[in-house]
Amino acid sequence: MHAPVSGAAADGEGESRVILQARVLLFAMTVGVLAGAAEPPLARLDVSPAAAEAPVEAAPDPDSAGAAPKPRSVAPAGSLPWVELDPGDDLPYGRAMPRPTPDLTVSPTYPSRTRAPLVTNGPRSRPAVAITVDDGHSPVAVEAILEVFLERAVNATWFPVGAFAVNQPALWHRIAGLGFEIANHTWSHPDLTQLGASAIEGEIRRGRAAIEQATGRPVAPFLRPPGGAWNEAVLAAAGRRGEAFVVTWDVTSGDTGRGPVGQVVENALSGRAGTILLFHANDRGDKLRTAEALAIVIDAYRARGFELVTLGQLLGVPGPVPFPGPAPDP
Ligand SMILES: [Zn+2]
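Calculation notes
- Residues numbered from 1 in each chain as written.
- Predicted model: local features only at pLDDT ≥ 70, side-chain atom pairs only at ≥ 80, totals over all residues.
- Heavy atoms only, no water.
- Donors = N, O, S within 2.8 Å, 3.2 Å for Na, K, Ca; no water.
- Buried < 20%, exposed > 50% of the residue type's maximum accessible area, 1.4 Å probe, protein only.
- Helix = DSSP H or I, 4+ residues; strand = E, 2+ residues; numbered from the N terminus.
- Contact = heavy atoms within 4.5 Å.
- Axes fitted to C-alpha atoms, helices over the stretch in contact; angles between N-to-C directions.
- Parallel < 35°, antiparallel > 145°, perpendicular 65-115°, else oblique.
- Left-handed = near helix turned anticlockwise from the far one by under 90°.
- Pairing = 2+ DSSP bridges.
- Salt bridge = Lys/Arg side-chain N within 4 Å of Asp/Glu carboxyl O.
- Core = buried A, V, L, I, M, F, W, Y, C linked by side-chain atoms within 4.5 Å.

> Got a sec to walk through the coordination of the zinc ion? Specific residues and values, please.
Coordination sphere of the zinc ion, protein contribution only: Asp135 (OD), His185 (NE2) and His189 (NE2), at 2.1 Å. Donor residues binding the zinc ion come from one chain and are separated in sequence as D-x49-H-x3-H. In this structure His189 comes out as buried when scored by relative accessible area, which is 1%.

> With reference to specific residues and values, describe helix H5 (residues 169-177).
With 7 of 9 residues buried, H5 lies mostly within the body of the structure. Turning to H5, its buried residues are Pro169, Leu171, Trp172, His173, Arg174, Ile175 and Ala176. Next to the buried residues of H5 lie helix H3 (139-152), strand E3 (157-160), helix H4 (162-167), strand E4 (181-184) and helix H6 (197-215). Count one or two residues on from H5 and you reach Gly179, which has phi positive near 95 degrees.

> Pulling in residues and values, what's your account of the environment of Trp230?
Secondary-structure assignment places Trp230 in the loop between strand E5 (220-223) and helix H7 (232-240). For the pair Trp230 and Gln194, spaced 36 residues apart in the sequence, the C-alpha separation amounts to 9.6 Å.

> Break down the packing of H3 against helix H9 (residues 289-303) for me, with residues and values.
Two elements in contact, H3 and H9, have axes separated by 8 Å at closest approach and are oriented at 25 degrees. The orientation of H3 relative to H9 falls into the category roughly parallel. Here H3 and H9 pass one another in a crossing that is right-handed. Counted together, Ala144, Ile145, Val148, Phe149 and Arg152 of H3 and Thr290, Ala291, Leu294, Ala295, Ile298, Asp299 and Arg302 of H9 form the full contact between these two elements.

> Kindly report on the pairing of E3, identifying the contributing residues and their values.
Side chains Thr157 and Phe159 project from E3 onto one buried face, and the interleaved Trp158 and Pro160 project onto a second face that is buried too. In this structure, strand E2 (residues 128-135) lies alongside E3, joined through 4 bridges in parallel fashion. Considered in E3, the bridge of Asp135 is made with Pro160. Pairing geometry for E3 and E4, over 2 bridges, is parallel.

> Which residues make up the pattern of salt bridges, and what values do they have?
Opposite charge on two side chains makes pairing possible when the charged atoms of those side chains draw close. Applying the stated criterion to the full structure yields 9 salt bridges. The residue Arg126 makes a salt bridge to Glu307 at a minimum N-O spacing of 3.2 Å. Pair noted here: Arg126 is in the loop between strand E1 (118-119) and E2 and Glu307 is in strand E9 (residues 307-309), with a separation of 181 residues, a long-range link. Residue classification places Glu307 among the partly exposed positions, given a relative accessible area of 34%. What you see here is one network of salt bridges that share partners, running through Glu151, Arg152 and Asp299.

> Before we move on, could you go through the nonpolar core and cite the residues and values that matter?
Across soluble globular proteins, nonpolar side chains show a tendency to be buried alongside one another. Ranked by size, the top nonpolar core spans 46 residues in total, and within it Ile131, Phe149, Trp158, Trp172, Ile175, Phe180 and Phe279 carry the most contacts. Sorting the residues of this core by element identifies E2, H3, H5, H6, helix H8 (261-268), strand E8 (276-280) and H9 as the ones contributing at least two each. No other element matches the 8 residues that H3 contributes to this core. If we ignore the near neighbours within four places in the chain, the residues touching Trp172 are Gly136, Val142, Trp158, Pro160, Phe164, Ala165, Ile182, Ala214 and Thr215. Counting 18 residues, the second largest nonpolar core, distinct from the first, contains Ala128, Ala130, Phe222 and Ala244.

So, in structure tokens, the structure goes:
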């Protein structure tokens, strides 16, 4: 996964400076990529409580759908049937990584706001897998992956880092407009287990605000902690911020490593019913390995009789579904 690097120091001087720091860091990371860094670390930005409370910088509202391919159906903007969370007992999800969760039945009422349960997979009884794509460090990689999803009519879930989303508002506005599910991967991609409770909440709150700013739509109520790192404080903070689940994965594609596409494909195809698959949109523009692997992985799962679903579909949480009809023939 990505080791966060120490970045801008906390200060309370206002949002514009924070955003400027983010842009400087993003630029610095881009330079790092061009200089040949194989696995660029993601920025750790300002996680001070003051910064976390601040609103996200106003961004333009470009509707850049343009000549993009249209999915069969798009969920109406701003009117998604978000279900209010009800107090209830914790569900029997796993508590340790990388051990998969046991078979589970997701209740139509969601758990207590005081603790968001950890989910590593969906029900094992249904032949469905959920593709998730994290980070969005590279807009070129995001677009290449999006193209694969559109060509193949794939339901999938994106977890952009908030600072990346707010720096690419046209791109993320388009993805949301196409009906894809977009959820929270924090504002600046720190290891949440190294932060105090208020800083964790700030990362969650600000990540969500940044995505909403970019997309103009509600964010799906799932938190993916950077690096999959979680502890009880993370689950508690996520619950307090209204996340329905903290979602990791049971199968990683290993696409942040140096292996060939074939290895990424092999890793990703080790899933089974209920699997949550992890990919990343961080590839350099000249080596779009994740998109290449995804095309093969998608076709192979469908040939095996699996349905590709959003996390919401997998976990029974209402939300947008870009391709609600039957899957195309493989
Ligand atoms: Zn990440």
